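Inside the fold
Each chain, written out:
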Amino acid sequence: GGFWAFDLTAPTSIEAVSSKQTALSAPTASVVTYQFPARGNLPPLKWVWYDGSMEPVLPPEFDGQKLPENGTFIIGSKATVSAHPNYFTIRIIPETKMQALASSLPPKTLPRVPGGDHFAEWVTACKGGIAAGANFEYSSRLTEMVLLSNVAVRARHRIEWDSAAMKVTNYPAANEFITKQYRGGFGV
């Protein structure tokens, strides 16, 4: 999806706002803001995740349309797009702008899951076919990003992340959520 399309690696900072959270349970709603560094010729990127009852302010291009129940907005310098949760469809909003730009859209360059069937893609990869799109090289980076939101939520503090060292650098107390002490013989 978007994580892959924007060639993202680990975020450099994560800040979370959440509601009704306890030491034993996840929050009922949260907003997590990730800051990603520049990547090659791509500029730094801000990614904001909303869940539960937290909802973003709709971009003006929505012009009174209802917020989709699930999905992604990509707000760029030239257009805003709305993407299906699995990125099967991506549409410039409003639709009139999509129609006006339809003939000048860039070609699709990222590989697609054949028929949208992730299970069949996985089975094909297991049988020696092309690696699944969610292979470990990709999914480990995505998982790192998602788990860092849990660290920021639990720390209740903006955290700065050093991926190479696997360490929060600005708020040492948050490092207790990165790993735990394993019993003898059960280390990772």
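Residues numbered from 1 in each chain as written. Predicted model: local features only at pLDDT ≥ 70, side-chain atom pairs only at ≥ 80, totals over all residues. Heavy atoms only, no water.

Let us now look at the pairing of strand 5 (residues 80-83). Burial along strand 5 is two-sided: the face carrying Thr80 and Ser82 and the face carrying Val81 and Ala83 are both buried. Bridge count between strand 4 (residues 72-75) and strand 5: four bridges; the pairing is antiparallel. Bridge pairing in strand 5 links Phe73 to Ser82. Relative to strand 6 (residues 90-93), strand 5 is paired through four bridges, and the arrangement is antiparallel. Note on strand 6: the bridge partner recorded for Thr80 is Ile93. (Buried < 20%, exposed > 50% of the residue type's maximum accessible area, 1.4 Å probe, protein only. Helix = DSSP H or I, 4+ residues; strand = E, 2+ residues; numbered from the N terminus. Pairing = 2+ DSSP bridges.)

Okay, the sheet that holds strand 5 next. Across the sheet, which stays open at both edges, the three strands sit in the order 4-5-6 with antiparallel pairing between neighbours. Edge positions in the open sheet fall to strand 4 and strand 6, since each of these has one partner strand only. Strand-to-strand twist in this sheet, taken as the mean axis angle between neighbours without regard to direction, amounts to 25°. (Axes fitted to C-alpha atoms, helices over the stretch in contact; angles between N-to-C directions.)

Moving on: the side chain of Thr80. Along the chain, Thr80 falls in strand 5. A distance of 3.3 Å separates a polar atom in the side chain of Thr80 from a polar atom in the side chain of Glu61. Not counting residues up to four positions away in its chain, the partners in contact with Thr80 are Pro59, Glu61, Ile74, Ile75, Arg91, Ile92 and Ile93. (Polar contact = N/O pair within 3.5 Å; in protein donor to acceptor, adjacent residues only side chain to side chain. Contact = heavy atoms within 4.5 Å.)

With that settled, the discussion passes to the confidence of the model for the protein. The predicted coordinates should not be examined in detail at positions where pLDDT is low. Predicted confidence across the protein gives a mean pLDDT of 86, with 97% of residues reaching 70 or more. Per-residue pLDDT, averaged within each element of the protein, yields its smallest value for helix 1 (residues 2-5) (80) and its largest for strand 7 (residues 159-162) (97). (pLDDT = per-residue confidence, 0-100.)

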